[in-house]
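One letter stands for each residue in the lines below.
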Amino acid sequence: MEMKSKEKVFTKYQVFIIAVLAVLQFTIVLDFMVLSPLGAILLKELDISTSQFGLVVSAYAFSAGASGLLAAGFADKYDRKKLLMFFYTGFILGTALCAMAPNYSLLLIARIITGIFGGVISSVSFAIISDLFKLEVRGKVMGFVQSAFAGSQVFGIPVGLLLADKFGWHAPFWLIVGFGLALGIIIMAYMKPVDAHLQIKSDRNALQHLFKTLRNRDYIKAFTGTTLLATGGFMLMPFAAAFCVYNVGITNQQLTLLYFITGVFSMIFGPIIGSMSDKAGKYQTFVVGSLISMVMVVIYTNLGITPLWILISVNVVLFVGIASRMISASALITAMPSLQDRGAFMSVNSAVQQISGGIAAAIAGLIAMKHSSGRIEHYDTLGYLVVLTMIIAMGLFYVINRHIQKNAQSADASPVVSEVLSSDPL
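S.K.: Can you walk me through the overall build of the protein in this structure?
M.R.: Each helix and strand in the protein was counted, giving 17 helices and two strands. Residue burial in the protein is summarised as follows: out of 426 residues, 57% are buried. Considering only intrachain contacts with a sequence separation of at least 6, the fraction spanning at least 24 residues in the protein is 86%. Here the protein has roughly 18,100 Å² of accessible surface; of this, 69% comes from carbon and sulfur atoms.

S.K.: Sorry, what's going on with helix H5 (residues 80–100) here?
M.R.: The end-to-end C-alpha separation of H5 is 31 Å, in line with the 30 Å expected for 21 residues at 1.5 Å each. Burial runs high along H5: 15 of the 21 residues are buried. One side-chain oxygen at the N-terminal end of H5 lies 3.0 Å from the backbone nitrogen of Lys 81; it belongs to Asp 79.

S.K.: Explanation requested: unusual backbone geometry in the structure shown.
M.R.: Working note: non-glycine residues mostly have negative phi, and peptide bonds are mostly trans. A positive phi angle is found at His 378, which is not glycine, with a value near 65°. Exposure remark for His 378: the relative accessible area of 41% places this residue in the partly exposed category.

S.K.: Where do I start with helix H8 (residues 171–190) in this structure?
M.R.: For an α-helix the count is 3.6 residues per turn, leaving residues at separations of three or four pointing the same way. In this model, H8 (20 residues) spans 29 Å end to end at C-alpha, consistent with the 28 Å of a helix rising 1.5 Å per residue. Considered for burial, the residues of H8 that qualify are Ala 171, Pro 172, Phe 173, Ile 176, Val 177, Gly 180, Leu 183, Gly 184 and Ile 187.

S.K.: Is there a simple way to explain the side chain of Thr 95 in this structure?
M.R.: As for its position among the elements, Thr 95 is in helix H5. By relative accessible area, Thr 95 is classed as buried at 0%. Here the side chain of Thr 95 touches Phe 91 through a polar contact of 2.9 Å, landing on its backbone oxygen. Setting aside chain neighbours within four positions, we find Thr 95 in contact with Asp 31, Thr 114, Phe 173, Ile 176 and Val 177.

S.K.: What am I meant to see in the nonpolar core here?
M.R.: As a rule of thumb, nonpolar side chains are buried together in soluble globular proteins. Membership of the largest hydrophobic core comes to 134 residues, with the highest contact counts inside it found for Tyr 300 and Phe 397. Sequence-distant contacts of Tyr 300, that is, excluding residues within four places in its chain, are made with Ala 240, Phe 243, Cys 244, Leu 311, Val 314, Asn 315, Leu 318 and Tyr 379.

Cut-off values and rules
- Residues numbered from 1 in each chain as written.
- Predicted model: local features only at pLDDT ≥ 70, side-chain atom pairs only at ≥ 80, totals over all residues.
- Heavy atoms only, no water.
- Helix = DSSP H or I, 4+ residues; strand = E, 2+ residues; numbered from the N terminus.
- Buried < 20%, exposed > 50% of the residue type's maximum accessible area, 1.4 Å probe, protein only.
- Contact = heavy atoms within 4.5 Å.
- Areas by Shrake-Rupley, 256 points an atom, 1.4 Å probe, with all protein chains shown as cover.
- Expected span 1.5 Å × (residues − 1).
- Polar contact = N/O pair within 3.5 Å; in protein donor to acceptor, adjacent residues only side chain to side chain.
- Core = buried A, V, L, I, M, F, W, Y, C linked by side-chain atoms within 4.5 Å.

Shown next, in the form of structure tokens:
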């Protein structure tokens with residue numbers, strides 16, 4: 001009976017919020033993820049180089065990072081639902097411009113506009129999660145929300161690739177626009193205001209609030225950890241599809257199957273990993289995921305012509321390792337900021353993620369070279385750089401975890417803080 005009562009962790013409204021945030025992340029992630037499988041098509045149809053394609057990816061990241069910093073000072077001064085709706089509306093508009101872009105230059109401009117709005121959405125979502133869910137269950141919440149990454153592979157990317165093959169590379173962006181409009185209406189109609197943070201009075205203006213967040217030494221550790229996490233994904237992902245097609249030797253149809261199967265396994269393991277991080281420890285889960293990822297990155301980036309079933313097996317294990325890192329690290333980082341700083345912290349954290357990811361994508365575009373045959377050269381070099389960042393990240397997140405544990409012990413020892421914590425939702 002005790003086990004049964006523990007399992008019923010969320011109310012119906014909280015389940016709704018988790019579902020909304022997961023689907024929201026699905027559209028945001030898909031908007032970025034779809035560029036990777038479209039890479040092989042865009043390199044050919046737009047007649048662009050790998051460095052130009054890297055710029056398309058990094059342009060979104062840089063603009064997202066800039067807007068995240070600009071929004072940070074205001075992030076704790078408004079109802080989070082209103083902020084979410086404002087930036088999501090702009091994101092849908094930017095994606096529509098991508099769908100209408102006739103050439104490389106206008107696509108680049110459209111990606112910048114999309115990034116300005118899309119880059120803030122994840123930070124607002126994570127602030128909402130921090131406001132509505134205790135740290136003890138955030139791993140599980142993150143597991144479901146981060147499964148949007150896998151969901152974009154299972155449903156979005158295969159459908160996007162099929163649409164691109166039939167109707168051209170603009171079609172996947174129209175798909176995201178239609179999906180986003182429907183979700184926006186649901187959020188507007190059924191989501192309640194998220195404004196508990198407004199009850200904490202602050203006489204700081206937006207600029208002072210931003211600089212206070214940027215100067216906090218503990219927050220800087222978390223921002224550095226986010227930088228290391230972003231570097232890996234943005235270095236390998238933009239050229240993953242082209243690498244699989246031209247180096248590993250699979251067809252575009254097999255590429256769709258690869259993303260689909262990998263996504264299904266990632267969706268299954270996401271919530272499991274989240275629950276495991278809550279029970280076994282978030283840092284411990286992060287270390288295990290990092291070790292798995294390091295081994296698989298070296299194997300993956302050194303593949304030559306490979307049977308499809310082996311490539312699928314390698315990809316599935318790699319993505320399970322990456323999911324273990326991302327889910328546990330995201331849950332850990334949400335424990336860093338205080339209630340009155342959450343919006344600003346998450347905005348800066350998102351900005352750091354996007355900017356560092358943009359730099360990584362730009363560097364990857366310079367290291368990875370497209371041979372005249374289409375083959376991607378020096379992809380293994382990118383793999384070794386990613387492994388190096390993972391090793392450094394394990395050390396840094398050990399420090400972050402120790403800090404969070406000390407704060408938790410101090411909170412338990414303080415009757416005032418304990419009373420505040422006990423009044424949180426859940």
